[in-house]
Amino acid sequence: MLAARAAVLGRGAYLPIAEELARTAFSANGPVSGRPRVADLGCGTGYYAGHLSAARHEASFLLADRSPHAVRSALRAVPGATGVVLDIWRPLPLRDEVADVILNVFAPRNPKEFARILRPGGRVVVVVPRADHLRELRSSGLLVDVPAAKANAVTEQLAAAGLVRISEVPVQYVLPTDSDTRAMLAGMGPSAHHAGSLPGIPADGSADVTIAVDVLSFELASPPG
């Protein structure tokens, strides 16, 4: 799964998502002053953190994943970052109010812990798939369907921990693919064991695949009064 992810991201297949992620994380009304601390929770290969690092050289990064291989890969993508192997579902071994930006890209979420480690004025940036994401591959029946209105479900989940949504940016485009790229796209997620066979998608030649996600940002709710 990690190798497929690295190969697809290395080809620029998700570059528009990375660009929007950086814009949202460091927008004018966000934590742009000083030396922002970014925690990428579920960092994978470090591709997205690497993009943010290129946008803000002065930022410091914590790269966390439950996979030691992923953390090692991410540290190569963001030299000078700190890496830690952890389970996002469990209490995070981080101080209160330590992060200006929390990244959560196609990864599990721990809303209470996100709210605890986020600094006042900071933001949580979450990327979730839309219903149309990889629809040409999902039509084969071999990829897991995306729940309808996933962005709303995530918004409710984080709101319960005191995190309110402040922006939602859809990112959708058509990606021309060959058969190898289609197999790697399928191999990036929980349906990886089906990647070798995708009926309904031509085994040879090119085919367009829809990429569709929501980039959501959240901040701590203002205290009453």
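As the structure is a computational prediction, the values presented were derived from the model and not from experiment. (Residues numbered from 1 in each chain as written. Predicted model: local features only at pLDDT ≥ 70, side-chain atom pairs only at ≥ 80, totals over all residues. Heavy atoms only, no water.)

### Focus: the sheet that holds strand 5 (residues 118-129)
(1) Moving on: Reading across the sheet, the seven strands line up as 3-2-1-4-5-7-6 and stay open at both edges, with mixed pairing between neighbours. The two strands at the open ends of the sheet, each matched to only one other strand, are strand 3 (82-85) and strand 6 (163-177). Taking the axes of each pair of neighbouring strands and ignoring which way they run, one obtains an average angle of 15 degrees across the sheet.
(2) Moving on: The pairing of strand 6 with strand 7 (residues 207-220) spans 14 bridges and is classified as antiparallel. Across the sheet, the residue bridging to Val169 is Val215, located in strand 7.
(3) Moving on: On the sheet, helix 2 (residues 15-25) packs against strand 4 (99-105), strand 5, strand 6 and strand 7 and is oriented at approximately 160 degrees with respect to strand 6.
(4) Moving on: Packed on one face of the sheet, helix 8 (residues 179-187) meets strand 6 and strand 7 and runs near 150 degrees to strand 6. (Pairing = 2+ DSSP bridges. Helix = DSSP H or I, 4+ residues; strand = E, 2+ residues; numbered from the N terminus. Axes fitted to C-alpha atoms, helices over the stretch in contact; angles between N-to-C directions. Contact = heavy atoms within 4.5 Å.)

### Topic: the confidence of the model for the protein
Interpretation of this model should avoid reading the predicted coordinates in detail wherever pLDDT is low.
(1) Moving on: Here the protein averages 89 in pLDDT, while 88% of its residues score no lower than 70.
(2) Moving on: Low pLDDT, under 50, characterises residues 192-198; the stretch is placed with 14 contacts to residues that sit more than four places away or in other chains. (pLDDT = per-residue confidence, 0-100.)

### Considering the environment of Ile117
(1) Moving on: Checked against the element boundaries, Ile117 lands in helix 5 (residues 111-117).
(2) Moving on: What makes Ile117 buried here is its relative accessible area of 0%.
(3) Moving on: As for Ile117 and Arg95, which are separated by 22 residues in sequence, their C-alpha atoms are 6.3 Å apart.
(4) Moving on: Apart from residues lying up to four places away in sequence, Ile117 is in contact with Leu41, Leu92, Leu94, Arg95, Asp96, Glu97, Val98, Ala99 and Ile102. (Buried < 20%, exposed > 50% of the residue type's maximum accessible area, 1.4 Å probe, protein only.)

### Structural notes on the pairing of strand 4
(1) Moving on: Of all seven residues in strand 4, seven are buried, a share of seventy percent or more.
(2) Moving on: Of the pairings in the sheet, the one linking strand 1 (residues 37-41) to strand 4 comprises three bridges and is parallel in character. By the bridge assignment for strand 4, Val38 is matched with Val101.
(3) Moving on: Pairing between strand 4 and strand 5: six bridges, direction parallel. Within the sheet, the bridge partner assigned to Ile102 lies in strand 5 and is Val124.
(4) Moving on: With respect to chirality, the unit in which strand 4 leads through helix 5 into the neighbouring parallel strand 5 is right-handed. (Right-handed = clockwise from strand over helix to strand, strands pointing away.)

### Focus: the pairing of strand 7
(1) Moving on: For strand 7, the tally of buried residues reaches 11 of 14 residues, placing the bulk of the element in the interior.
(2) Moving on: As defined by bridge partners, strand 5 adjoins strand 7 across six bridges and the pair is classed as antiparallel. Residue pairing in the sheet places Val125 in a bridge with Ser217 of strand 7.

### Points about the pattern of salt bridges
(1) Moving on: Evaluation of the coordinates by the stated rule reveals 10 salt bridges.
(2) Moving on: The residue Asp178 makes a salt bridge to Arg11 at a minimum N-O spacing of 3.8 Å. Of this pair, Asp178 sits in the loop between strand 6 and helix 8 while Arg11 is found in the loop between helix 1 (2-10) and helix 2, placing the two residues 167 residues apart along the sequence.
(3) Moving on: In this structure, Arg116 and Asp96 form a salt bridge, with 2.7 Å as the shortest nitrogen-oxygen distance. Within this pair, whereas Arg116 is found in helix 5, its partner Asp96 is found in the loop between strand 3 and strand 4, the two being separated by 20 residues in sequence.
(4) Moving on: Since its relative accessible area comes to 24%, Arg116 is described here as partly exposed. (Salt bridge = Lys/Arg side-chain N within 4 Å of Asp/Glu carboxyl O.)

### Observations regarding the packing of aromatic side chains
(1) Moving on: Inspection of the entire model under this criterion finds two aromatic pairs.
(2) Moving on: With a centroid separation of 5.1 Å and an interplanar angle of 80 degrees, the aromatic rings of Tyr47 and Tyr48 are classed as edge-to-face.
(3) Moving on: Taking relative accessible area as the criterion, Tyr47 reaches 19% and is therefore assigned buried.
(4) Moving on: Residue classification places Tyr48 among the buried positions, given a relative accessible area of 9%. (Phe/Tyr/Trp six-rings, centres within 6.5 Å; stacked < 30°, edge-to-face > 60°.)

### Some points on the environment of Gly121
(1) Moving on: For Gly121, the position within the fold is in strand 5.
(2) Moving on: On a C-alpha basis, the gap between Gly121 and Leu220 in space is 7.4 Å, while along the polypeptide they are 99 residues apart.

### Digging into unusual backbone geometry
(1) Moving on: Non-glycine residue Phe106 carries a positive phi angle of around 50 degrees.
(2) Moving on: By the element assignment, Phe106 lies in the loop between strand 4 and helix 5.
(3) Moving on: With a relative accessible area of 35%, Phe106 lands in the partly exposed category.
(4) Moving on: One non-glycine residue with positive phi stands out, namely Ala149, at about 55 degrees.

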